[in-house]
Amino acid sequence: MSRPTVARTYDALLGGKDNFQPDRDAAVAVEEINPGSTQLCHENRAFLSRGVRHVAGLGIRQFIDLGSGLPTVENTHQVAQSVAPDTSVVYVDIDPIVLSHGRAILADTPGTSVVTADIRDVDSVMSAEETRRLIDPSQPVCLMLVSLLHCIPDEDGPFDVVRGYLDRLPAGSALVYSHLCASDVEAGRTFTRRVHELGMDWGRIRSPEECAQAFDSLEIVSPSTDGTAPRVLVDCDTWRNGDIEPRPRPTPPEK
Ligand code: SAM
């Protein structure tokens, strides 16, 4: 509680209540280092909802939400089950606080569970009792990697980890993915260094080319409903796919 964590700092940036003073201080510092970070978090969260709704609309009824974070508004199971109530969702996060808060919100929700695990250990996640109980490996699965891979250092092979999951999923599966990204490599390095100076192990900004490795051998869904927009990596707020909800306009955290 004396040091900020990724899950709680992100919760503070989203205006949530599940955080402590060091997390709130970190949220203010992140906004100072990179003005617009609060807005970005809200846009990322709105993208997550659109992505889940899109995948649920394709008929996929199983989701594994890696690095799911603390429960907030429009959690994956709420969005997916609003499309199809029989959808199963396994939340996975390294931070045990996600399990304790997740249990409270999921207690009466059939078809959902939380696993505390490090996503780098693909076997542990996929063979966890809750994963085996809720996920049928013969049916398509939506893998969610939203705002997570920038927590994984290069030396741990983040994109090999992605491949490790995708290789275990059947044809017809889907990936919902976002990553902190910057074309300006130097600016990205500065952001990463300053986040690490705050005592947090995330914020690894990668170039668009590096981020796109998650899509290797996958077909990218067009960001527009009519399918005419190029199938390339885009800003998460641009990936609309028919949804015309307004851009979130949050208030940045205050000291
Ligand atoms: N996916 C959610 C979203 O986009 O709204 C939450 C993203 S939050 C920025 C990143 C989450 O990943 C945090 O809850 C953190 O605890 C979790 N995380 C970081 N490293 C992880 C790891 N190695 N294994 C599992 N979870 C991890």
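It should be noted that the structure appears before, not after, this text.
None of these values were measured; they are calculated from a predicted model.

Colleague: Where do I start with the sheet that holds strand 2 (residues 88-93) in this structure?
Modeller: In sheet architecture, strand pairing relies on hydrogen bonds along the backbone and comes in two forms, parallel and antiparallel. With parallel pairing, five strands are arranged side by side in an open sheet as 3-2-1-4-5. Each end of this open sheet is capped by a strand with a single partner; those strands are strand 3 (112-116) and strand 5 (174-178). The sheet shows a mean angle of 15 degrees between the axes of neighbouring strands, direction not considered. Pairing between strand 1 (residues 62-66) and strand 2: five bridges, direction parallel. Note on strand 2: the bridge partner recorded for Ile64 is Val90.

Colleague: Explain the nonpolar core to me, please; I cannot follow it from the model alone.
Modeller: A general feature of soluble globular proteins is that nonpolar side chains tend to end up buried together. Counting residues in each nonpolar core, the largest one holds 31 residues, and the members touching the most others are Leu66, Val92, Leu143, Leu145, Tyr165 and Tyr177. Of all the secondary structure elements, the ones that give two or more residues to this core are strand 1, strand 2, helix 6 (122-127), strand 4 (142-146), helix 8 (158-166) and strand 5. Per-element accounting of this core gives the leading share, five residues, to helix 8. In contact with Tyr177, other than residues within four places in its own chain, are Phe47, Leu145, Leu149, Phe159, Cys211, Ala214, Phe215 and Leu233.

Colleague: I tried to follow the site of the ligand on my own but got confused; where do I start?
Modeller: In the vicinity of the ligand, 20 residues are found, and the nearest of them are Tyr10, Arg45, Gly67, Asp93 and Val146. One of the backbone nitrogen or oxygen atoms of Gly67 is found 2.8 Å away from a nitrogen atom of the ligand. Taking 600 Å² as the accessible area of the ligand by itself, protein coverage stands at 96%. For the shell around the ligand, the secondary-structure elements that each account for two or more residues are helix 1 (6-13) and helix 3 (37-57). Looking at the shell around the ligand residue by residue, the class counts come to ten nonpolar, five polar and five charged.

Colleague: What exactly am I supposed to notice about the pairing of strand 5 here?
Modeller: Within a regular strand, the side chains alternate between the two sheet faces. With five of its five residues buried, strand 5 lies for the most part within the structure. Residues Ala174, Val176 and Ser178 point to one face of strand 5 and Leu175 and Tyr177 to the other, with burial holding for every one of them. Looking at chain direction, strand 4 and strand 5 are connected through five bridges and run parallel. When the sheet's bridge partners are listed, Leu145 is paired in strand 5 with Tyr177. Traced from strand 4 through helix 8 to strand 5, the parallel crossover comes out right-handed.

Colleague: Got a minute to help me understand the packing of helix 3 against helix 4 (residues 76-83) in this structure?
Modeller: Two quantities define a packed helix pair, namely the angle between the axes and the distance from one axis to the other. Between helix 3 and helix 4, the least distance of the axes is 9 Å, while the angle of their chain directions is 35 degrees. Considering how the two elements wind past one another, helix 3 and helix 4 form a crossing that is right-handed. Contact residues: Leu48, Ser49, Val52, Arg53, Ala56 and Gly57 in helix 3; Thr76, Val79, Ala80 and Val83 in helix 4. Looking at the contact of helix 3 with helix 4, its residues break down into six nonpolar, three polar and one charged.

Colleague: Where do I start with the pattern of salt bridges in this structure?
Modeller: A side chain of one charge can pair with a side chain of the opposite charge if their charged atoms are brought near each other. Under the defined criterion, the tally for this structure stands at 14 salt bridges. Across the pair Asp123 and Arg168 runs a salt bridge whose closest N-O atoms are separated by 2.2 Å. In this pair, Asp123 sits in helix 6 while Arg168 sits in the loop between helix 8 and strand 5, placing the two residues 45 residues apart along the sequence. When its relative accessible area of 47% is taken as the criterion, Asp123 is described as partly exposed. Residues joined by salt bridges that share partners form a network here, namely Asp118, Arg120 and Asp156.

Colleague: Quick question: what am I supposed to make of the side chain of Gln62 here?
Modeller: With respect to the secondary-structure elements, Gln62 resides in strand 1. By relative accessible area, which is 6% here, Gln62 ends up buried. Here the side chain of Gln62 touches Pro140 through a polar contact of 3.2 Å, landing on its backbone oxygen. Non-local contacts of Gln62, meaning those with residues more than four positions away in its chain, are made with Thr87, Ser88, Leu134, Ile135, Asp136, Gln139, Pro140, Val141 and Cys142.

Colleague: Is there a simple way to explain the pairing of strand 2 in this structure?
Modeller: Across the six residues that make up strand 2, a large majority, six, are buried. Where burial is concerned, the two faces of strand 2 agree: the one with Ser88, Val90 and Val92 and the one with Val89, Tyr91 and Asp93 are both buried. Traced from strand 1 through helix 4 to strand 2, the parallel crossover comes out right-handed. Where strand 2 and strand 3 come together, five bridges link them in parallel fashion. Along strand 3, the bridge assignment pairs Val92 with Val115. For the crossover from strand 2 across helix 5 (residues 96-106) to strand 3, the handedness is right-handed.

Calculation rules
- Residues numbered from 1 in each chain as written.
- Predicted model: local features only at pLDDT ≥ 70, side-chain atom pairs only at ≥ 80, totals over all residues.
- Heavy atoms only, no water.
- Pairing = 2+ DSSP bridges.
- Helix = DSSP H or I, 4+ residues; strand = E, 2+ residues; numbered from the N terminus.
- Axes fitted to C-alpha atoms, helices over the stretch in contact; angles between N-to-C directions.
- Core = buried A, V, L, I, M, F, W, Y, C linked by side-chain atoms within 4.5 Å.
- Buried < 20%, exposed > 50% of the residue type's maximum accessible area, 1.4 Å probe, protein only.
- Contact = heavy atoms within 4.5 Å.
- Near = heavy atom within 4 Å.
- Polar contact = N/O pair within 3.5 Å; in protein donor to acceptor, adjacent residues only side chain to side chain.
- Areas by Shrake-Rupley, 256 points an atom, 1.4 Å probe, with all protein chains shown as cover.
- Nonpolar A, V, L, I, M, F, W, Y, C, P; charged D, E, K, R; others polar.
- Right-handed = clockwise from strand over helix to strand, strands pointing away.
- Left-handed = near helix turned anticlockwise from the far one by under 90°.
- Salt bridge = Lys/Arg side-chain N within 4 Å of Asp/Glu carboxyl O.

Note that all results are geometric; they support no functional claim without further evidence.
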